[in-house]
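If you want the building blocks of each chain, they are given just below.
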Amino acid sequence: DGVDIVGDIGTPVLALADGTVADVYDDPFMGTTVVLKHSGGLVSCYSNLSSALPKEISVGATVAVGDTIGGIGETALVESAEVPHVHVSVYLDEHAVNPEDYLPGT
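Reading the values: the criteria
- Residues numbered from 1 in each chain as written.
- Predicted model: local features only at pLDDT ≥ 70, side-chain atom pairs only at ≥ 80, totals over all residues.
- Heavy atoms only, no water.
- Core = buried A, V, L, I, M, F, W, Y, C linked by side-chain atoms within 4.5 Å.
- Buried < 20%, exposed > 50% of the residue type's maximum accessible area, 1.4 Å probe, protein only.
- Helix = DSSP H or I, 4+ residues; strand = E, 2+ residues; numbered from the N terminus.
- Contact = heavy atoms within 4.5 Å.
- pLDDT = per-residue confidence, 0-100.
- Patch = residues over 30% accessible without salt bridge, like charges linked within 9 Å, V, L, I, M, F, W, Y side chains within 5 Å.
- Areas by Shrake-Rupley, 256 points an atom, 1.4 Å probe, with all protein chains shown as cover.
- Salt bridge = Lys/Arg side-chain N within 4 Å of Asp/Glu carboxyl O.
- Polar contact = N/O pair within 3.5 Å; in protein donor to acceptor, adjacent residues only side chain to side chain.
- Pairing = 2+ DSSP bridges.

Here we come to the nonpolar core. Residues Leu36, Tyr46 and Ile69 are the most contacted members of the largest nonpolar core, which totals 20 residues. Going through the elements one at a time, strand S4 (31-37), strand S5 (42-49) and strand S8 (85-92) are the ones with two or more residues in this core. With residues near it in sequence (within four places) discarded, Leu36 still touches Ala15, Thr20, Val21, Ala22, Leu42, Val43, Ser44, Tyr46, Val63 and Ile69.

This is how it looks when you write it as structure tokens:
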């Protein structure tokens, strides 16, 4: 239900749209995860982030498109054998959609 975007450890991960931080948690399998709620029923979820998130990324915080919400990490237990990446999932009205349709520049 998402795509892996490869990058170096620490590469900034940016919000794909304006929104609000809906959740921040450490998933036992997918690692450090940030969930953003956007307008129009859109939700984006970023997993395998580094455990050190920017201090302003907390539940209820407002983010703008392009704001750094974290960095690529190695916190996803189920993907530890893979190259460094962030796992991005996007949902529209609670249904998984193709994240590439919402990523800037794609």
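Averaged over every residue, the pLDDT of the chain is 93; the share at 70 or more is 95%. Predicted confidence in the chain is weakest over strand S1 (residues 3-6), with a mean pLDDT of 93, and strongest over strand S6 (residues 62-63), with 98.

Attention now moves to the environment of Ala15. Inspection of the secondary structure assignment puts Ala15 in the loop between strand S2 (12-14) and strand S3 (19-27). With near-sequence residues (within four places) excluded, Ala15 lies in contact with Leu36, Tyr46, Val63, Ala64, Val65, Gly66, Asp67 and Ile69.

Once that is clear, we can look at a nonpolar patch on the surface. Residues Phe29, Leu77 and Val78 make up a contiguous nonpolar surface patch of roughly 310 Å² in combined accessible area. The topology assignment puts Leu77 in the loop between strand S7 (68-71) and S8.

Within the secondary structure layout, Gly66 lies in the loop between S6 and S7. In the structure, Gly66 is positioned 49 residues away from Ala17 in sequence and 7.2 Å away in space, judged by C-alpha atoms. If sequence neighbours within four positions are ignored, Gly66 has contacts with Leu14 and Ala15.

Topologically, Ser47 is positioned in strand S5. For Ser47, a relative accessible area of 5% gives the class buried. Engagement of the side chain of Ser47 in a polar contact is seen with the side chain of Thr33, the distance being 3.1 Å.

Attention shifts here to the side chain of His87. Mapped onto the elements of the fold, His87 is located in strand S8. Residue classification places His87 among the buried positions, given a relative accessible area of 11%. At 2.7 Å, the side chain of His87 and the side chain of Asp4 are in polar contact. Here Ser89 takes part through its side chain, which lies 3.4 Å from a polar atom of the side chain of His87.

As judged from the two bridges shared by S3 and S6, these two strands associate in the antiparallel manner. The residue of S6 that forms the bridge with Thr20 is Thr62. Where S3 and S4 come together, seven bridges link them in antiparallel fashion. Bridge assignment links Asp23 to a residue of S4, and that residue is Val35. A loop of three residues connects S3 with S4, the two strands running antiparallel in sequence.

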